[in-house]
Amino acid sequence: MPKAYAYTRYGGPGTEAFIDVDRPAPGRGELLVAVRAAGVNPIDWKLRSGFRRPGDTGTPEFPVVFGSEAAGVVEEVGEGVTGFAVGDAVFGNTVAGGYAEYAVLPAAVTAHVPDGLSFTDAAVLPVAAATAYDGIRGLDLPAGATVLITGAGGGVGVAAVQLARHFGLRVIGTAGEGKKDFVEGLGAVHVPSGPDLAARVRAAVPGGIDGVYDLVGGDVLTEAATLLADRSKLVTAGASPQDVERLGGSRVVRARTAAVLDEVARLVGRGDLDPRVTETFPLERAGDALRVVEGGHARGKIVIEVGA
């Protein structure tokens, strides 16, 4: 039977296990994909820990397969789907997990893998790169403006820095001291994270900043907000709705369309966006891959590769 990596209840790493699953069948508007690669994201372990996203209702049916983005080859095409055929190389968001040999993808949030783009790189675009794209575009800053990106060394941050630079913005990126060279290599001015962040940003940018894309939340977001005169230019992917309301910003509005996936893939193909996959693991070591991300020390993106 096909294998998948799942959590069997809410909790820590001890709830994780490999499970045998039936080969899924695509429903209307869906594709069944033989997975070749799956992206690993902080939301994966947060959901295992019991985190609830805005709009989540009820209790999931355990076990729950990890993963929300994947790339692979179409095995079956569901009813009502057009533009895809068996054998197509595709990438997109998953319906019920991507750390698996097979995954179901909604056709509306799935795109073709362009020639020259690997499954490994394509697998990290639906969550990190697309979230980065939606956030930077949502800020709507003019070329030449200065944007502060918190968590610039993480998966979404790496893409956000590059996309901001692509759109002509000056980027100030916060990250730990150990990621200084990495962040500066992306084209950002590095500011160390930690207490008194706002003072360090003011010292680095005496002229002030024009927008904030927050990927951390908490005290980091609270400090970053004090740097803005116009809170409409504060967008976060890392804060609770309560914090967003308190600070006067907004959560990133996700487009969740194939058009955005096509665009970020095009930017990768042109060399304007490097997915920055820094480490890969086989499916058999899915737990190790998740530990790297859960530990908060990943630079760029971590990917699980599934044998052809």
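Check the entry above for the structure.
Residues numbered from 1 in each chain as written. Predicted model: local features only at pLDDT ≥ 70, side-chain atom pairs only at ≥ 80, totals over all residues. Heavy atoms only, no water.

A. Region of interest: the overall build of the protein chain. Looking only at helices and strands, the protein chain has 10 helices and 16 strands in total. Taking 19 Å as the expected radius of gyration for a compact globule of 308 residues, we find that the protein chain reaches 19 Å, a close match to that expectation. In the protein chain, buried positions account for 49% of the 308 residues. By sequence separation, contacts in the protein chain at least 24 residues apart represent 66% of the contacts at least 6 residues apart. Of the accessible surface of the protein chain, which amounts to about 13100 Å², a share of 50% is contributed by carbon and sulfur atoms. (Helix = DSSP H or I, 4+ residues; strand = E, 2+ residues; numbered from the N terminus. Rg over C-alpha atoms; globule rule 2.2 N^0.38 Å. Buried < 20%, exposed > 50% of the residue type's maximum accessible area, 1.4 Å probe, protein only. Contact = heavy atoms within 4.5 Å. Areas by Shrake-Rupley, 256 points an atom, 1.4 Å probe, with all protein chains shown as cover.)

B. Main features of the packing of aromatic side chains. In total, this model carries 7 aromatic pairs according to the counting rule given. Measuring from centroid to centroid gives 5.7 Å for Tyr5 and Phe66, while their planes differ by 25°, and the two rings are stacked. Of this pair, Tyr5 sits in strand 1 (residues 3-7) while Phe66 sits in the loop between strand 4 (64-65) and strand 5 (69-77), and the two are 61 residues apart along the sequence. For Phe66, a relative accessible area of 1% translates into the label buried. Relative to Phe62, the ring of Tyr7 has its centre 6.1 Å away and its plane inclined at 65°; by these criteria the two rings are edge-to-face. Pair noted here: Tyr7 is in strand 1 and Phe62 is in the loop between helix 1 (42-48) and strand 4, with a separation of 55 residues, a long-range link. A relative accessible area of 29% means that Phe62 is categorised as partly exposed. One aromatic cluster is present, formed by Tyr5, Tyr7, Tyr10, Phe18, Phe62, Phe66 and Tyr99 through successive ring pairs. (Phe/Tyr/Trp six-rings, centres within 6.5 Å; stacked < 30°, edge-to-face > 60°.)

C. Layout of the sheet that holds strand 4. Taking strand neighbours across the sheet as the criterion, the 3 strands line up as 2-1-4 in an open arrangement whose pairing is antiparallel. This sheet does not close on itself; its edge strands, each paired only once, are strand 2 (16-20) and strand 4. Bridge analysis of strand 1 against strand 4 gives 2 bridges, and the strand direction is antiparallel. Note on strand 4: the bridge partner recorded for Ala6 is Val65. (Pairing = 2+ DSSP bridges.)

D. Layout of the sheet that holds strand 10 (residues 170-175). With parallel pairing, the 6 strands of this open sheet are ordered in space as 11-10-9-12-13-14. Of all the strands in the sheet, just strand 11 (189-192) and strand 14 (250-251) have a single pairing partner and so form its edges. Strand direction decides the pairing type here: strand 9 (residues 146-149) and strand 10, joined by 4 bridges, are parallel. Its bridge partner lying in strand 10, Thr146 is registered against Arg170. Where helix 3 (residues 125-139) meets the sheet, it contacts strand 9, strand 12 (211-214) and strand 13 (234-236), and its direction lies at approximately 160° from that of strand 12. (Axes fitted to C-alpha atoms, helices over the stretch in contact; angles between N-to-C directions.)

E. View of the nonpolar core. Counting 49 residues, the largest nonpolar core has Phe91, Leu125, Val147, Ile149, Tyr213 and Leu273 as the members making the most contacts within it. Contributing elements (two or more residues each) for this core: helix 3, strand 9, helix 4 (155-166), strand 10, helix 5 (180-185) and helix 9 (258-270). In terms of nonpolar packing, the next biggest core, distinct from the first, is built from 30 residues, Tyr5, Val64, Tyr99 and Ala298 among them. (Core = buried A, V, L, I, M, F, W, Y, C linked by side-chain atoms within 4.5 Å.)

F. Summary view of the side chain of Arg254. The residue Arg254 is located in the loop between strand 14 and helix 9 in this model. Of note is the side chain of Arg254, whose polar atom sits 3.5 Å from the backbone oxygen of Pro126. In terms of polar contacts, Arg254 uses its side chain to reach the side chain of Thr131, at 2.9 Å. With residues near it in sequence (within four places) discarded, Arg254 still touches Pro126, Val127, Ala130, Thr131 and Asp134. (Polar contact = N/O pair within 3.5 Å; in protein donor to acceptor, adjacent residues only side chain to side chain.)

G. Focus on the packing of helix 3 against helix 4. Direction vectors running N to C along helix 3 and helix 4 enclose 45°, while the axes themselves pass 8 Å from each other. On the basis of their axis angle, the class for helix 3 and helix 4 is oblique. For the element pair helix 3 and helix 4, the recorded crossing hand is right-handed. The segment helix 3 lies against helix 4, with Ala128, Ala129, Thr131, Ala132, Tyr133 and Ile136 engaging Gly155, Val156, Ala159, Ala160, Leu163 and Ala164. (Parallel < 35°, antiparallel > 145°, perpendicular 65-115°, else oblique. Left-handed = near helix turned anticlockwise from the far one by under 90°.)

H. Expanded view of the pairing of strand 10. Judged by how many residues are buried, strand 10 sits mostly within the fold: 5 of 6 residues are covered. Pairing of strand 10 with strand 11, which is carried by 4 bridges, proceeds in the parallel orientation. Among the inter-strand pairings, Ile172 is bridged to a residue of strand 11, identified as Val189. A crossover links strand 10 with its parallel partner strand 11, the connecting element being helix 5, and its sense is right-handed. (Right-handed = clockwise from strand over helix to strand, strands pointing away.)

I. Molecular detail of the pattern of salt bridges. Scanning the model with the defined rule gives 16 salt bridges in all. Of the charged contacts, one joins Arg23 and Glu75 as a salt bridge, the two residues approaching to 3.6 Å between their closest N and O atoms. You can see Arg23 sitting in the loop between strand 2 and strand 3 (30-40) and its partner Glu75 sitting in strand 5, a full 52 residues away along the chain. According to the relative accessible area criterion, Arg23 is partly exposed, its value standing at 38%. A salt bridge links Lys301 to Glu69; its shortest N-O distance comes to 3.6 Å. Of this pair, Lys301 sits in strand 16 (residues 301-305) while Glu69 sits in strand 5, and the two are 232 residues apart along the sequence. (Salt bridge = Lys/Arg side-chain N within 4 Å of Asp/Glu carboxyl O.)

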